[in-house]
Amino acid sequence: MSRPETDLLDSLSPELSQLLKDRSDRALLEFIRPNSASQFAQDASELAKFREAIAQGDPEDDQEFLRSFREFVPTTNYESYRPFIAKFFAIPCKEVDVKNMFAPGLPYFLAMSSMTSGKSVKIFPRYRPPPHLLHHPLYLALPPSEGITLSPASLKYSQILTIDCDDGQSKQMAVCSVSTGCLRMEMNWDVEHDNERLDLSTPGQTGPCAISLVKSYRAFFVLNALFALADRRVTIIRFFFANVFVNFLQYVEDEWSLLVDCIEKGVIPDVENLDHLRAPLEKHLNPNPLRATELRKIGPPGIQGWAVRVWPHLTKFVGITGGPAAASVFKVTHALGPSVSIQAPGYGSSEGGIAITYHKGDVKTDFKVVFVDVVTEFLDVRSNEPSERVLSIWELVPGGHYEPLLTTRNGLWKYRLGDVVTVKGFAPDDGLPIINYLHRREGGLVMAFGTTCTESQLTDAIVSAANRWIGQIIDFTIVGDDRDTPITYGYLVEIGGEMGSDAKMGTQQTFEDLMAANNEFRNAFWQGRARKPTIRLLKKGTFAEYRKQKCDNANISISQVKVPVVLSDLKFREWFLERVVVEL
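**Thoughts on the pattern of salt bridges**
Reasoning step 1: Counted by the stated rule, this structure contains 35 salt bridges.
Reasoning step 2: Taking the shortest distance from any N to any O, the salt bridge between Arg33 and Asp62 comes out at 2.9 Å. Of this pair, Arg33 sits in helix α1 (residues 14-35) while Asp62 sits in helix α4 (residues 62-72), and the two are 29 residues apart along the sequence.
Reasoning step 3: One salt bridge connects Glu403 with Arg441, and the closest N-O pair in it is separated by 2.7 Å. With Glu403 in strand β15 (residues 401-408) and Arg441 in the loop between β18 (433-440) and α15 (455-470), this pair connects stretches of sequence that are 38 residues apart.
Reasoning step 4: Glu403 sits in the buried class, given a relative accessible area of 3%.
Reasoning step 5: The network of salt bridges with shared partners includes Asp481, Arg483, Arg531, Arg536 and Glu583.

This is the structure in structure tokens:
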């Protein structure tokens, strides 16, 4: 019997392998031919051998050009690009000094990394793609949909850079998140004219344009909640991370009476730092006593399927539910109810868009690698070879664990992303790999016993324990618990609702799962070099306040703040520990 069309391939036919090689070569040439003339490609020491090979050969020979790329371009990391990116922050910044820095022309914006680890921010210039790609899913911040979407979108930026142009004019360039930059690029909204758009409504969205310029983290959520609750036509909810949606629900619960009263009267609540935004917001909110009555009958979040009672036409939730966000999935599904499907938005980073959701597989975790924003190569993280060999996509093996290397439209060359993905198989129609995100390659906490459990192992263990014993997790992070010897994994967890009656069993469950998942941890424990993990519960609202502080202090948008699985920031380590209410 023939396999269903949706089945993934375990291996590639010679025809599909050749098809992938041809597509990869075309995309690489599209990226690296123009980018080879950039300031970085001409001056970076990492590309010296590549430049020499090109100079000695026939520069018009495409196959020779690609061979030189594969043979002479080494893997790179952020330090290779840092001195070139620093030129954008010079005062004054002249166009001649930054034009064609990584790709032709000037960037549209500078993308900030998410700063999960607490280390210094990374900046990546992002250039406007060709016009025909602006509506590709990898670039759309507000994808079109039928009905109304609740999708809190921020136009907030960290800073504005001024570039003195050769013609005597100046250009302002935002330093912001990828989502903010792509939204501005999609809508053609430059920073100079933000105040001229305050009265606009955003088609297909619950919130008017003015909300996207709200600077306060709390006010941003409260106002998005206000306009969303007022509109019962919502069909899709879209948050970049599922655990940020949980924070949104917390604000709805905390401010329920205020929000419903404001909907009834058609007034904007007295939230902080609104200033000139209050008047344009008020134009979009009319008194609606009937909706207020309906909401009072439903009540605040808490019951299963609360969201579909508030929004009867709701069918889909789009957001990342893997990685650290996996801990919030139970809470999210409880609020949404069984009738609402959950889908991931795709897989990518500040460095580039790598893969789109694979709709013939598990739409929460399966991603199809594409050649749109980047060409992805891979390193085998399980390889014992002394020097890591770069693998092309047709050399991957289902079940293998790989670190992506990105050569991008925006001028990165074999950039090490630091993620670990696994290959699930190959799409039967075009052979492209279907991947799942696992964890950061160096994201674990190295213990005194000389080993580390991966982020995914640490996350899976606490999620399993919470679902069985502890309760609905809002969020969690891990610190090294050195109150006894040897040091161990110290989980700091916030739960929503009541704690399970046998919650203390959660520690044993977490321990058993880590023992089963990681051979080195198991051996270290039996040799007396490791001990059981610990679990401490935090007071309600801890992670919402953490995100608020990170956003407000760094002047960044909500999409920039991810809670790290392993917390290395010593300041916030003490801050979290001060909020412990009970140990299991």
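**Regarding the sheet that holds strand β4 (residues 148-150)**
Reasoning step 1: The parallel open sheet is built from four strands, whose spatial order is β4-β7-β8-β9. Both outer strands of the open sheet, β4 and β9 (341-343), are each paired with one neighbouring strand and no more. For this sheet, the mean inter-axis angle between neighbouring strands, taken without regard to orientation, is 25 degrees.
Reasoning step 2: As judged from the four bridges shared by strand β7 (residues 234-241) and strand β8 (residues 316-320), these two strands associate in the parallel manner. Among the inter-strand pairings, Ile237 is bridged to a residue of β8, identified as Phe317.
Reasoning step 3: Lying over the sheet, helix α14 (residues 329-336) contacts β7, β8 and β9, oriented at roughly 140 degrees with respect to β9.

**Points about the nonpolar core**
Reasoning step 1: Judged by nonpolar contacts, the single largest core of 75 residues is most densely connected at Leu229, Ile237, Trp306, Trp311, Phe317 and Leu336.
Reasoning step 2: A per-element tally of this core places helix α8 (residues 217-230) first, with eleven residues.
Reasoning step 3: Each residue touching Ile237, except ones within four places of it in the same chain, is listed here: Leu150, Phe245, Trp311, Leu314, Lys316, Phe317, Val318 and Leu336.
Reasoning step 4: In this structure, Leu16, Phe65, Leu396 and Val423 belong to the second largest nonpolar core, which totals 63 residues.

**Concerning the sheet that holds strand β20 (residues 488-496)**
Reasoning step 1: Here four strands make up an open sheet; going across it, the order is β19-β20-β21-β22 and the pairing mixed. Of all strands in the sheet, those with a lone pairing partner are β19 (472-481) and β22 (580-583), marking the two edges. With direction set aside, neighbouring strand axes in the sheet form an average angle of 30 degrees.
Reasoning step 2: Judged from the three bridges that link them, strand β21 (residues 534-538) and β22 form a sheet pairing that is antiparallel. Looking at the pairing, Leu538 lines up with Val580 of β22.
Reasoning step 3: Its contacts with the sheet put α14 on β19 and β20, and the angle it makes with β19 is roughly 170 degrees.
Reasoning step 4: Packing of helix α19 (residues 570-577) onto the sheet brings it into contact with β19, β20, β21 and β22, and relative to β19 it is tilted by some 120 degrees.

**What about the packing of aromatic side chains?**
The relation between two aromatic rings is expressed through the spacing of the ring centres and the mutual angle of the planes.
Reasoning step 1: Summed over the entire model, instances satisfying the criterion amount to 37 aromatic pairs.
Reasoning step 2: Here the aromatic rings of Phe378 and Tyr402 are separated by 6.0 Å at their centres, their planes lie at 70 degrees, and the arrangement is edge-to-face. Highlighted residues: Phe378 in strand β13 (residues 374-380) and Tyr402 in strand β15, separated in sequence by 24 residues. As far as the burial class goes, Phe378 and Tyr402 line up, both buried.
Reasoning step 3: With 5.1 Å between their ring centres and 85 degrees between their planes, Trp575 and Phe576 make a pair best called edge-to-face.
Reasoning step 4: What makes Trp575 buried here is its relative accessible area of 10%.
Reasoning step 5: Three or more aromatic residues link up through ring pairs in this structure, and these residues are Tyr217, Phe220, Phe221, Phe239, Phe245, Phe248, Tyr251 and Phe317.
Reasoning step 6: In this structure, Arg33 packs its charged tip against the face of Phe65, placed 4.2 Å from the ring centre.
Reasoning step 7: Lying across the ring of Phe572, Lys571 places its NZ or CZ 6.0 Å from the centre.

**Here's the deal with the pairing of strand β11 (residues 352-357)**
Reasoning step 1: Within β11, five of the six residues are buried, which leaves the element mostly enclosed by the surrounding structure.
Reasoning step 2: Across three bridges, the pairing between strand β10 (residues 347-349) and β11 is antiparallel. In the sheet register, Tyr347 faces β11, and the bridge partner there is Ala355.
Reasoning step 3: Relative to strand β12 (residues 367-369), β11 is paired through three bridges, and the arrangement is antiparallel. From the neighbouring strand, Ala355 faces β12, where its bridge partner is Val369.

**Overview of the side chain of Thr408**
Reasoning step 1: Residue placement: Thr408 occurs in strand β15.
Reasoning step 2: The residues touching Thr408, leaving out its near neighbours within four places in the chain, are Phe31, Asn35, Glu351, Asp373 and Val374.

Parameters and conventions
- Residues numbered from 1 in each chain as written.
- Predicted model: local features only at pLDDT ≥ 70, side-chain atom pairs only at ≥ 80, totals over all residues.
- Heavy atoms only, no water.
- Salt bridge = Lys/Arg side-chain N within 4 Å of Asp/Glu carboxyl O.
- Helix = DSSP H or I, 4+ residues; strand = E, 2+ residues; numbered from the N terminus.
- Buried < 20%, exposed > 50% of the residue type's maximum accessible area, 1.4 Å probe, protein only.
- Pairing = 2+ DSSP bridges.
- Axes fitted to C-alpha atoms, helices over the stretch in contact; angles between N-to-C directions.
- Contact = heavy atoms within 4.5 Å.
- Core = buried A, V, L, I, M, F, W, Y, C linked by side-chain atoms within 4.5 Å.
- Phe/Tyr/Trp six-rings, centres within 6.5 Å; stacked < 30°, edge-to-face > 60°.
- Lys NZ or Arg CZ within 6 Å of the ring centre and 35° of its normal.

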